[in-house]
Amino acid sequence: MRAHVFACMLAYYLEWHMRRRLAPMLYDDTDKQAAGALRPSVVAKAERSPAALAKQTTGRTTDGLPVHSFHTLIADLATLTQNSVEIAAAPGMPLTIAARPTPIQMKAFDLLAFARTQ
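The structure displayed is predicted, hence computed values, not measured ones.

**Q** Teacher, can you tell me more about the nonpolar core here?
**A** The nonpolar side chains of a soluble globular protein tend to be buried, and buried together. Core analysis: the biggest nonpolar cluster contains 12 residues, these being Met18, Leu22, Met25, Leu26, Leu65, Phe70, Leu73, Leu77, Ile104, Ala108, Phe109 and Leu112. Only helix H1 (2-22), helix H4 (70-77) and helix H5 (103-112) provide two or more residues apiece to this core. Examining the composition of this core, we find that four residues originate from one element, H5, more than from any other. Every residue in contact with Leu22, bar those within four places of it in the chain, is listed here: Phe70, Leu73, Ala108, Leu111 and Leu112.

Next up, the structure:
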C-alpha cells in the first residue's frame, strides 16, 4: 500500500515538473504577472493573460508550433521510435536507428532539457 502511494505521488510530482517546463507549448498561462494585474482584487475571478488568450485563440505558440494539452503532447512524444534492424550483409548484428524527431518533439525535449543523441 505504501509503495503504491509513493509511486502515485512520484508520478504526480514528475507531471508537475513537466507541466512547468512545457508550459510555453501548452494552453497553460505562462505570464502570471500580467494575469494578476488584470484582477481588481485577490478574491476576484482569475483572468487569463493576453499571451494565454493569444495562444488559445490562434492555437499557435510564439514559435508558430501548434499548442497542445499535456496529454496530447505526451501522446505526440510517444510516437518517437527507436528501431532495431538487421541487414543482410551482417546477420546477427542488429543496428539501432532512432527516428528523427519532429519540430514539436525537438522543442519539447529542449524545454525538458533532455540530451538528444544523434
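**Q** I'm lost on the packing of aromatic side chains in this one. Help?
**A** The relation between two aromatic rings is expressed through the spacing of the ring centres and the mutual angle of the planes. The tally for this structure, following the rule as stated, stands at one aromatic pair. Relative to Trp16, the ring of Tyr13 has its centre 6.1 Å away and its plane inclined at 25°; by these criteria the two rings are stacked. One end of the pair is Tyr13 and the other is Trp16, both in helix H1 and three residues apart, which spans about a single turn. On the accessibility criterion, Tyr13 (48% relative accessible area) is partly exposed.

**Q** Would you mind showing me how to read the packing of H1 against H5 here?
**A** Describing two packed helices takes the angle between their axes plus the distance from one axis to the other. Two elements in contact, H1 and H5, have axes whose closest approach is 9 Å; the angle formed by their N-to-C orientations is 115°. What the angle tells us is that H1 and H5 run roughly perpendicular. Seen along the crossing, H1 lies across H5 with a hand that is right-handed. Residues Met18, Arg21 and Leu22 of H1 lie in contact with H5, whose contacting residues are Ala108, Leu111 and Leu112. Along the lines of polarity and charge, the residues of the contact of H1 with H5 split into five nonpolar, no polar and one charged.

**Q** Please explain the pattern of salt bridges as it appears in this structure.
**A** Proximity of charged atoms lets side chains of opposite charge pair with each other. All told, the structure shown has two salt bridges when counted by the stated rule. Of the charged contacts in the structure, one is a salt bridge between Arg19 and Glu15, with a shortest N-O distance of 2.9 Å. Linking Arg19 with Glu15, this pair stays in helix H1, spanning four residues, or about one helical turn. Looking at Glu15, the relative accessible area reads 24%, which means it is partly exposed.

**Q** Please explain the packing of H1 against H4 as it appears in this structure.
**A** Where H1 contacts H4, the two axes come as close as 12 Å, and the packing angle between them is 90°. Comparing the axis directions of H1 and H4 gives the class roughly perpendicular. On H4, the residues touching Glu15, Met18, Arg19 and Leu22 of H1 are Phe70, His71, Leu73 and Ile74. Residues that form the contact of H1 with H4 fall into these classes: five nonpolar, one polar and two charged.

Conventions we followed
Residues numbered from 1 in each chain as written. Predicted model: local features only at pLDDT ≥ 70, side-chain atom pairs only at ≥ 80, totals over all residues. Heavy atoms only, no water. Core = buried A, V, L, I, M, F, W, Y, C linked by side-chain atoms within 4.5 Å. Buried < 20%, exposed > 50% of the residue type's maximum accessible area, 1.4 Å probe, protein only. Helix = DSSP H or I, 4+ residues; strand = E, 2+ residues; numbered from the N terminus. Contact = heavy atoms within 4.5 Å. Phe/Tyr/Trp six-rings, centres within 6.5 Å; stacked < 30°, edge-to-face > 60°. Axes fitted to C-alpha atoms, helices over the stretch in contact; angles between N-to-C directions. Parallel < 35°, antiparallel > 145°, perpendicular 65-115°, else oblique. Left-handed = near helix turned anticlockwise from the far one by under 90°. Nonpolar A, V, L, I, M, F, W, Y, C, P; charged D, E, K, R; others polar. Salt bridge = Lys/Arg side-chain N within 4 Å of Asp/Glu carboxyl O.

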